[in-house]
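Here's the letter readout for the chains.
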Amino acid sequence: MYRVSEARHRLPRVFGTAQLVVLGLGVMIGAGIFSLSGRQAAENAGPAVIASFVLAALVCFVAALSYAELSSTIPVAGSVYTFSYVAFGELWAWLVGWALILELLVAAALVSRAWSAYSLATLDGLGLEVPASVAEYGAFDADVNLIAPGVLILLTALVVTGTKLSARVLTAAVLGKVAVIALVIVVGARYVDAANYTPFVPRQQAAAAESGGGTLLQALIGSPGSTYGIFGVFAAASVITFAYIGFDLIATAAEDTRDPRHSVPRAMLVSLGLVTLLYVAMAVVLVGLSPYSELGTDAPVSDALEAAGVPWAAVVVSFGGLLAFTTVIMVVLIAQSRVLFAMGRDGLLPRSLGRVSRGFTAPSNAAATAGIGATLLALYPGIASLEELLVIGTMAAFFSCAVGVLVLRRTQPELERGFRVPASPLLPLLSALATLWLAVNLSVDTWRNFGVWTGLGVLFYFAYGYWQSALAGPEIVPRHSELSEAVPQPVRPGKHAAARRG
């Protein structure tokens, strides 16, 4: 056993509960609010996409309870990476952190591409002609997209300069996009046609040959790939989980937070509740505006409103989309910098990432690295095909968090907990099972790609992280300052285990 004491590099405390709620709204209200419901209705669930949003929200709410307990027990940077470090040991923590890196890199790159497309749509809607020589480098699927890397570089510079300025810009953008969303919902509700809600769950159909062959669950039970029906509802829910991932990113900012034991859990649950209301309301209105088969466009909300006779819809939605995507990129970069900071401080990544800049009082090296990685990935024209990798990375984190609650309840029941999951162990077990259920409803291709990424992570760990880790030496390096209680000594494979027993 060892005591977690003052770490050499620590983050300044600037967030309160309200700022954390803004952080959650900033990342959860993004691409999904204007496009995800329409696309999933057209491709997988039909009008039952409404149920898919509710199902995904319930899974995330149960998962959020586990996050809330662990973040109130271990209120330091790194989120589920740090939770796993304490609960399971170094190797498992590395794999979880590696999955988080994948999740956040894909999110930043994917949303930056969407930002570039929306920026062109907004200018076009305002009657400002964009030269063809510029437009060809701004399309979402352009072979060479220069706008997406540009916005990533700009926002990375903002995050590098410190948390206070980033928080002010983020708050203003979040308030703006919530106002736009509320306007769209209120106006769209006037044009809803109840006939568009039937059949609520369309009859199951065979999937097109180019769709990738169905989900892992269908492959395991020998069912052919299909869309709609009950499988379609679950498949849509698995992808829609993408829309709710922001609550877990709140935990990455625990070390930046005043009174994190109470503020972080409270902000997670409040922001998740608010976002669920907005997403379900948007899905109800959108499905009611147009037959589900007609919603599979690049801009389903604005297209449906224009068809209903609202000519200004495209401009308003595009402006709201720009604000939404901007805040998502900012929060993802902030979260990625905190994960890299924690892993660098532990020695699993270069230690320069685990330093706080004296000039900006922020993990500037980690923030710059996060931005560079996302910028490089944004240059990949097939980034849309990697969307589900973001979701499966989230599922890995959810599962580890739920099991981590059970492990620490058993191994360290005396730890101070600002929040406790009710009905434990039932709810953590339910969270773990629900996460696995959604995960097997992802495509076989996604599981294959995730396996390749995980394999690369194992190789990197044993080639670098194992030897550079803070646990590699004969003495334990104190890591964090927020816990006064003893916590389990992290376990790592190999020859140093005996030296770390105490």
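Rules used throughout
Residues numbered from 1 in each chain as written. Predicted model: local features only at pLDDT ≥ 70, side-chain atom pairs only at ≥ 80, totals over all residues. Heavy atoms only, no water. Helix = DSSP H or I, 4+ residues; strand = E, 2+ residues; numbered from the N terminus. Expected span 1.5 Å × (residues − 1). Buried < 20%, exposed > 50% of the residue type's maximum accessible area, 1.4 Å probe, protein only. Contact = heavy atoms within 4.5 Å. Polar contact = N/O pair within 3.5 Å; in protein donor to acceptor, adjacent residues only side chain to side chain. Phe/Tyr/Trp six-rings, centres within 6.5 Å; stacked < 30°, edge-to-face > 60°. pLDDT = per-residue confidence, 0-100.

Draft legend 1. Molecular detail of helix H7 (residues 147-160). Counted at 1.5 Å a residue, the expected span for H7 with its 14 residues is 20 Å, and the 20 Å between its end C-alpha atoms agrees. Of all the positions in H7, only Ala 148, Pro 149, Val 151, Leu 152, Leu 155, Thr 156, Leu 158, Val 159 and Val 160 are classed as buried. Of the residues trailing H7, Gly 162 is marked for its positive phi of about 135 degrees.

Draft legend 2. Spotlight on the environment of Tyr 228. Examined against the element boundaries, Tyr 228 turns out to sit in the loop between strand E3 (226-227) and helix H10 (229-240). According to the relative accessible area criterion, Tyr 228 is buried, its value standing at 9%. Those residues within four positions of Tyr 228 in sequence are excluded, and the remaining contacts are Ala 41, Ala 42, Glu 43, Asn 44, Ala 45, Gly 46, Pro 202, Arg 203, Gln 204, Gln 205 and Tyr 292. Among the polar contacts made by the side chain of Tyr 228, one reaches the main-chain carbonyl oxygen of Ala 42 at a distance of 2.5 Å.

Draft legend 3. Looking closely at the packing of aromatic side chains. A full pass over the atoms with the stated rule returns 20 aromatic pairs. Geometrically, the ring pair formed by Tyr 67 and Phe 83 is edge-to-face, given 6.4 Å between the ring centres and 70 degrees between the ring planes. In this pair, Tyr 67 is assigned in helix H3 (residues 49-73) and Phe 83 in helix H4 (residues 80-88), connecting sequence segments 16 residues apart. According to the relative accessible area criterion, Phe 83 is buried, its value standing at 2%. Relative to Tyr 464, the ring of Phe 460 has its centre 5.6 Å away and its plane inclined at 40 degrees; by these criteria the two rings are tilted. You can see Phe 460 and its partner Tyr 464 sitting in helix H18 (residues 444-468), four residues apart, about one turn around the helix. Judged by relative accessible area, Phe 460 falls into the partly exposed class, the value being 31%.

Draft legend 4. Quick look at the confidence of the model for the chain. The share of residues in the chain with pLDDT of 70 or more is 85%, and the mean pLDDT across the chain is 81. Looking over the chain, one finds the lowest element-wise mean pLDDT in strand E1 (residues 2-3), namely 33, and the highest in helix H15 (residues 364-378), namely 94. Segment residues 1-7: pLDDT under 50, and 30 contacts once partners within four positions in sequence are set aside and those in other chains are kept. Here residues 495-502 scores under 50 on pLDDT; set against residues more than four positions off or in separate chains, the count is 15 contacts.

Draft legend 5. View of unusual backbone geometry. Here the residue pair Thr 198 and Pro 199 is connected by a cis peptide bond, since its omega of -10 degrees sits within 30 degrees of zero. Structurally, Pro 199 can be placed in the loop between helix H8 (163-189) and strand E2 (205-206). Following Ser 424, the chain continues to Pro 425 via a peptide bond in cis, the omega torsion being 10 degrees. Positionally, Pro 425 belongs in the loop between helix H16 (387-411) and helix H17 (426-439). For Asp 259, which is not glycine, the phi dihedral falls at a positive 50 degrees. Classification of Asp 259 as partly exposed rests on a relative accessible area of 43%. Notably, Ala 423 is not glycine yet its phi reads approximately 55 degrees, a positive angle. As for its position among the elements, Ala 423 is in the loop between H16 and H17.

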